[in-house]
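# A look at the structure
Now for the letters of each chain:
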Amino acid sequence: MKKIAIISLLTSFFIAQSASATALPKVGEFKFAQISGHGCGMTLWKPSSANKNRYVLFNGLTKNSMEMMVNGKITKFNRVKASGTVFYGQQTFQTFRSQDGKITVDVAVKLGAKGEIETVAIKQGTVTVKQNGKKVTIPVVGDAGC
């Protein structure tokens, strides 16, 4: 009887582990109060977002300040690559890796009009999150500045 219970328990564990390993990464929205970064930098959100003040990504001016909500938790990232046009400590193409090395995020944006006071609109972009060989791409808009 004990052997059957142990085998059943182990089978359930391995099924749960393989299901989480094959699931797409889930990108959530957050409010600024949920993250440690604020102020100058780049903020991105879904163009269709019905919730104001809900964001997909924030990357400040300080090194390794990018934060997102992935799989239900706020995750910090380090920038590992950047190219393209430079604006407010950002570049139009950036790659970030989570601090535990398990998640990679590619950000590609197109700049829009400059604002009145040290800002620029991000008229279009994508955030691609890769984890466990799976990826999800989210369209974004936003702004950057100080």
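Only a predicted model underlies this, so the values are computations on that prediction, with no experimental measurement involved. (Residues numbered from 1 in each chain as written. Predicted model: local features only at pLDDT ≥ 70, side-chain atom pairs only at ≥ 80, totals over all residues. Heavy atoms only, no water.)

## What to know about the nonpolar core
Membership of the largest hydrophobic core comes to 22 residues, with the highest contact counts inside it found for Leu44, Met68, Val105, Val107 and Val127. Residue assignment for this core shows that the elements contributing at least two residues are strand E2 (41-45), strand E4 (66-70), strand E5 (73-87), strand E7 (103-114), strand E8 (119-131) and strand E9 (134-145). Excluding its chain neighbours within four sequence positions, the residues that come into contact with Met68 are Val27, Phe30, Val56, Leu57, Lys73, Ile74, Thr75, Phe77, Val105, Val127 and Val129. If you look at the next biggest cluster of nonpolar residues, it comprises five residues, including Phe30, Tyr55, Phe58 and Met69. (Core = buried A, V, L, I, M, F, W, Y, C linked by side-chain atoms within 4.5 Å. Buried < 20%, exposed > 50% of the residue type's maximum accessible area, 1.4 Å probe, protein only. Helix = DSSP H or I, 4+ residues; strand = E, 2+ residues; numbered from the N terminus. Contact = heavy atoms within 4.5 Å.)

## Regarding the packing of aromatic side chains
Under the counting rule described, the total for this entry stands at four aromatic pairs. With centroids separated by 5.7 Å and ring planes inclined at 90°, the aromatic side chains of Phe32 and Phe58 adopt a geometry described as edge-to-face. With Phe32 in the loop between strand E1 (27-28) and E2 and Phe58 in strand E3 (residues 57-60), this residue pair connects regions lying 26 residues apart in the sequence. Owing to a relative accessible area of 25%, Phe32 belongs among the partly exposed residues under this scheme. On the basis of relative accessibility, which here comes to 1%, the residue Phe58 falls in the buried class. Judged by centre distance (6.1 Å) and plane angle (70°), the ring pair of Trp45 and Tyr55 falls under edge-to-face. Of this pair, Trp45 sits in strand E2 while Tyr55 is found in the loop between E2 and E3, placing the two residues ten residues apart along the sequence. Joined through ring pairs, the aromatic side chains of Phe30, Phe32, Trp45, Tyr55 and Phe58 make up one cluster. (Phe/Tyr/Trp six-rings, centres within 6.5 Å; stacked < 30°, edge-to-face > 60°.)

## What about the side chain of Gln90?
Note that Gln90 resides in strand E6 (residues 90-98). Here Gln90 falls in the buried class, since its relative accessible area comes to 0%. For Gln90, the side chain forms a polar contact with the side chain of Asn59, separated by 2.7 Å. Of the polar contacts made by the side chain of Gln90, one reaches the backbone oxygen of Gly60; its length is 3.5 Å. Setting aside anything within four residues of it in sequence, one finds Gln90 in contact with Gly41, Met42, Asn59, Gly60, Arg79 and Thr85. (Polar contact = N/O pair within 3.5 Å; in protein donor to acceptor, adjacent residues only side chain to side chain.)

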